[in-house]
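One-letter residues, chain by chain:
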Amino acid sequence: MTSRRILRRAAVALISVPALAAPALVPRASTAAPVPAAAEARGTAAAVAATGETVRTDAGLVRGARSGPYRVFQGIPYAGAPKGRYRWAPPRPVTPWKGVRDATKPGPPCPQVPSQYAPISSTEEDCLVLNVTAPPVADRRRGLPVLVWIHGDGSVGGGSFFDGRRLAERGLVVVTPNYRLGVFGGLALPGLEGAGTFGLQDQRAALAWVRKNARAFGGDPGNVTVAGVSFGASAIAGHLTSPASRGLFHRAVMASGEALMDMPAGAMGPGVPGYPWYVWRSGREVEDITTEMTAPLGCPRDRPQRTLACLRALPVKRILGVPHIMNAFQVFGYGNATLPELPPDALRAGRFHRVPVLSGATRDEHRTFVGMLYDAVGKPFTEADYDRALRTAFGESAGRVRAEYPTTAFPSPGLAWAAVITDRMWARGTRAQHDALARHVPVYAYEFADRDAPMFLPLPGAFDFGAFHAGDIPYLFEDPAAEPLFTPAQRRLSATMTAYWAAFARTGAPRGTGLPAWHPYRPGPAGRAYTQSLAPQRIGPVDYFCEHNLGFWSRMP
């Protein structure tokens, strides 16, 4: 296999615009800026007015602010700046500071370039900071559960975009860290310690910070839930299988995770080949991606040490100027100290940390991608496109798939194609993930099914996005673009979802007074394990296997 072919496979994000939590990243009206000022002005910071209390962390004192009854601390360093000789090195401890550090404004996002769905940019490497949102002091007589949120995408975003007040209202201490993105989080060279996993290591350092400092903010370091969406949920699968992450968390929430998901050829767009795993790459493959993507930077290639020294000396802006260099690293390398083995193998064999898991997907996952590539940007997906896509993905079986998913059964060919890949790639992968986990730990499976969820990405055309990828996140974290669009029924759904998530963080089960019953997922030969449907009009069991035609797909390659 040539390195160019590996690159094309690994750079799924050239087309997979979001491996994303994009809908929850930035408001529609946000503008590109090194610090996401527009997002913050209408989000958390807009409500932060009064000076808050001073808290002592292991590195020094921080002074936060009050947002109504909540205590908000922003931009707290949890690791040293990964710049100079520390660029592409494991995270290191923070240098303690004297006096009181201001924690009333968000820190900078990690280096990134704008995208069509997240118009933010940054060149600041001193970005390993986190934010804490906590209930009032009066509510923390005993340590409260802590929820650490790992944002999605892997090439854009930051912790400060997620407003934790809605979950803090439920009695949680919410922590939202930044981590290194794209090439800065995933570069790999032979002999480089931590190669391909710097972003994962940052997340682990944030979890270690929580263990040391949770009590200072009213949290219980012995009751930590790590939660994430999409790329962030896949990162959690990595932490579940990483020996170094053992003991840093006690529950896990995985929204639209890709841990056991493959990728049919063309699923993420024309010219994108198939790959056995959506987010996992061997160390050698990530090294080959690095070789291809850094070639335009002109560094010597005779010895890895010289290559690394040259790359570390380059300005961030020059690195970011290489086309697609951030998207190409929306993967995790395995076969190293952080991920010793392929995570799907470890999960299926039961070699992972035994913690309860709440996990699910949206009903119409792939509509996000079809819309962003075609119909919603003025490029209608046609019957001819459908035929070509089916042939590319399924070869000789294309006719069987078309007979199962005729365009006459859908409002458009684009929605037919979205249903095919939602069922084949996302639902099949989600079920495999749940089956693997549930053989060893309690699993609570869900499907977010609000097909009228507010779509607030800045896309020019009309498209029925349905219950789209990451469309559930604004129901958990208040988003200034989505919030005004919620109906009363959607607000009630949001309240129920945050109650479920908070109950799970407290006890390991999404159960509570007044909440609809939610039973554990128990895999069986019939494939009818319990999945909770979450929709404004109905909360209750759904036959996920039947709804996503998994009987048909179980007979397909």
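Computed from a prediction, not measured in an experiment: that's the story for all the values here.

Parameters and conventions
Residues numbered from 1 in each chain as written. Predicted model: local features only at pLDDT ≥ 70, side-chain atom pairs only at ≥ 80, totals over all residues. Heavy atoms only, no water. Helix = DSSP H or I, 4+ residues; strand = E, 2+ residues; numbered from the N terminus. Buried < 20%, exposed > 50% of the residue type's maximum accessible area, 1.4 Å probe, protein only. Contact = heavy atoms within 4.5 Å. Areas by Shrake-Rupley, 256 points an atom, 1.4 Å probe, with all protein chains shown as cover. Core = buried A, V, L, I, M, F, W, Y, C linked by side-chain atoms within 4.5 Å. Salt bridge = Lys/Arg side-chain N within 4 Å of Asp/Glu carboxyl O. Phe/Tyr/Trp six-rings, centres within 6.5 Å; stacked < 30°, edge-to-face > 60°. Disulfide = S-S within 2.5 Å. Pairing = 2+ DSSP bridges. Expected span 1.5 Å × (residues − 1). Axes fitted to C-alpha atoms, helices over the stretch in contact; angles between N-to-C directions. Parallel < 35°, antiparallel > 145°, perpendicular 65-115°, else oblique. Left-handed = near helix turned anticlockwise from the far one by under 90°. Nonpolar A, V, L, I, M, F, W, Y, C, P; charged D, E, K, R; others polar.

A word on the overall build of the chain
And step 1. The helix and strand tally for the chain stands at 18 helices and 15 strands.
And step 2. In the chain, buried positions account for 65% of the 557 residues.
And step 3. The contacts in the chain between residues at least 6 apart in sequence include a share of 75% that link residues at least 24 apart.
And step 4. Of the accessible surface of the chain, which amounts to about 19600 Å², a share of 52% is contributed by carbon and sulfur atoms.

Thoughts on the nonpolar core
And step 1. Of all hydrophobic cores here, the largest spans 169 residues; its most connected members are Trp-88, Trp-417, Val-420 and Trp-501.
And step 2. Broken down by element, this core gets its largest block of residues, 12 residues, from helix α15 (residues 413-438).
And step 3. When neighbours within four sequence positions are excluded, Trp-88 is seen to be in contact with Arg-180, Val-183, Phe-184, Leu-187, Leu-192, Phe-198, Leu-308, Leu-311, Arg-312 and Ile-319.
And step 4. With five residues, the next largest nonpolar core counts Ala-361, Tyr-544, Phe-545 and Leu-550 among its residues.

What about the pattern of salt bridges?
And step 1. Per the stated rule, a full pass over the model turns up 20 salt bridges.
And step 2. A salt bridge links Asp-288 to Arg-284, with the nearest nitrogen and oxygen atoms 3.5 Å apart. Pair noted here: Asp-288 and Arg-284 are both in helix α8 (residues 283-294), with a separation of four residues, about one helical turn.
And step 3. Between Arg-363 and Glu-547 there is a salt bridge, with the nearest N and O atoms lying 3.5 Å from each other. Here Arg-363 is found in the loop between β12 (357-362) and α12 (367-373), whereas its partner Glu-547 is found in helix α17 (residues 544-547), with 184 residues between them in sequence.
And step 4. A relative accessible area of 26% means that Arg-363 is categorised as partly exposed.
And step 5. Connected through salt bridges with shared partners, the residues Asp-364, Arg-367, Arg-451 and Asp-464 form a single ionic network.

Focus on the packing of aromatic side chains
And step 1. Summed over the entire model, instances satisfying the criterion amount to 26 aromatic pairs.
And step 2. Measuring from centroid to centroid gives 5.9 Å for Trp-88 and Phe-184, while their planes differ by 10°, and the two rings are stacked. You can see Trp-88 sitting in the loop between β3 (70-77) and β4 (100-102) and its partner Phe-184 sitting in helix α5 (residues 182-186), a full 96 residues away along the chain.
And step 3. What makes Phe-184 buried here is its relative accessible area of 3%.
And step 4. An aromatic cluster is built from Phe-394, Tyr-405, Phe-410, Phe-552 and Trp-553, whose rings are joined through pairwise contacts.

Describing the state of the cysteines
Among covalent bonds in proteins, the disulfide is the one between the sulfur atoms of two cysteines.
And step 1. For the structure on display, the rule yields two disulfides.
And step 2. With its disulfide-bonded cysteines labelled consecutively along the sequence, the chain is connected as 1-2, 3-4.

Re the pairing of strand β7 (residues 173-177)
And step 1. Within β7, five of the five residues are buried, which leaves it mostly tucked inside the rest of the structure.
And step 2. On β7, burial covers both faces: Val-173, Val-175 and Pro-177 on one face and Val-174 and Thr-176 on the other are all buried.
And step 3. Pairing of strand β5 (residues 129-134) with β7, which is carried by four bridges, proceeds in the antiparallel orientation. Following the sheet pairing, Leu-130 is matched in β7 by Pro-177.
And step 4. Sheet analysis places strand β6 (residues 144-150) next to β7, joined by three bridges and oriented parallel. Paired with Val-148 across the bridge in β7 is Val-175.

Some words on the side chain of Thr-225
And step 1. Inspection of the secondary structure puts Thr-225 in strand β8 (residues 219-229).
And step 2. Excluding residues within four positions of it along the chain, Thr-225 makes contact with Val-146, Leu-147, Val-148, Arg-251, Ala-252, Val-253, Phe-504 and Ala-505.

Looking at the side chain of Ser-533
And step 1. Tracing the backbone through its elements, the reader meets Ser-533 in strand β14 (residues 531-534).
And step 2. Judged by its relative accessible area of 7%, Ser-533 falls in the buried class.
And step 3. Apart from the residues lying within four places of it in its own chain, the contact partners of Ser-533 are Glu-447, Ala-449, Arg-538, Ile-539, Gly-540 and Val-542.

What to know about helix α16 (residues 488-507)
And step 1. In a regular helix each residue adds 1.5 Å, so 20 residues correspond to 28 Å; α16 covers 29 Å between its end C-alpha atoms and thus fits that length.
And step 2. One or two positions beyond α16, positive phi appears at Gly-508, with a value near 90°.

Things to note about the packing of helix α13 (residues 383-394) against α15
Relative placement of two packed helices is described by the angle separating their axes and the distance separating the axes.
And step 1. It is the contact of α13 with α15, at a shortest axis distance of 9 Å, that shows an interaxial angle of 20°. When the interaxial angle is binned, α13 and α15 end up roughly parallel. Where α13 crosses over α15, the two elements pack in a sense that is left-handed. Contact residues: α13 offers Glu-383, Tyr-386, Ala-389, Leu-390, Ala-393 and Phe-394, while α15 offers Pro-413, Ala-416, Trp-417, Val-420 and Arg-424.
And step 2. Residues that form the contact of α13 with α15 fall into these classes: nine nonpolar, no polar and two charged.

Thoughts on unusual backbone geometry
And step 1. Its identity as a non-glycine residue notwithstanding, Asp-153 has a phi of 85°, on the positive side.
And step 2. Mapped onto the secondary structure, Asp-153 falls in the loop between β6 and α4 (165-168).
And step 3. Its identity as a non-glycine residue notwithstanding, Asn-549 has a phi of 55°, on the positive side.
And step 4. For Asn-549, the location among the structural elements is in the loop between α17 and α18 (550-554).

Let's talk about helix α7 (residues 231-241)
And step 1. With 11 of 11 residues buried, α7 is to be regarded as a mostly interior element.
And step 2. All of the buried residues in α7 are Phe-231, Gly-232, Ala-233, Ser-234, Ala-235, Ile-236, Ala-237, Gly-238, His-239, Leu-240 and Thr-241.

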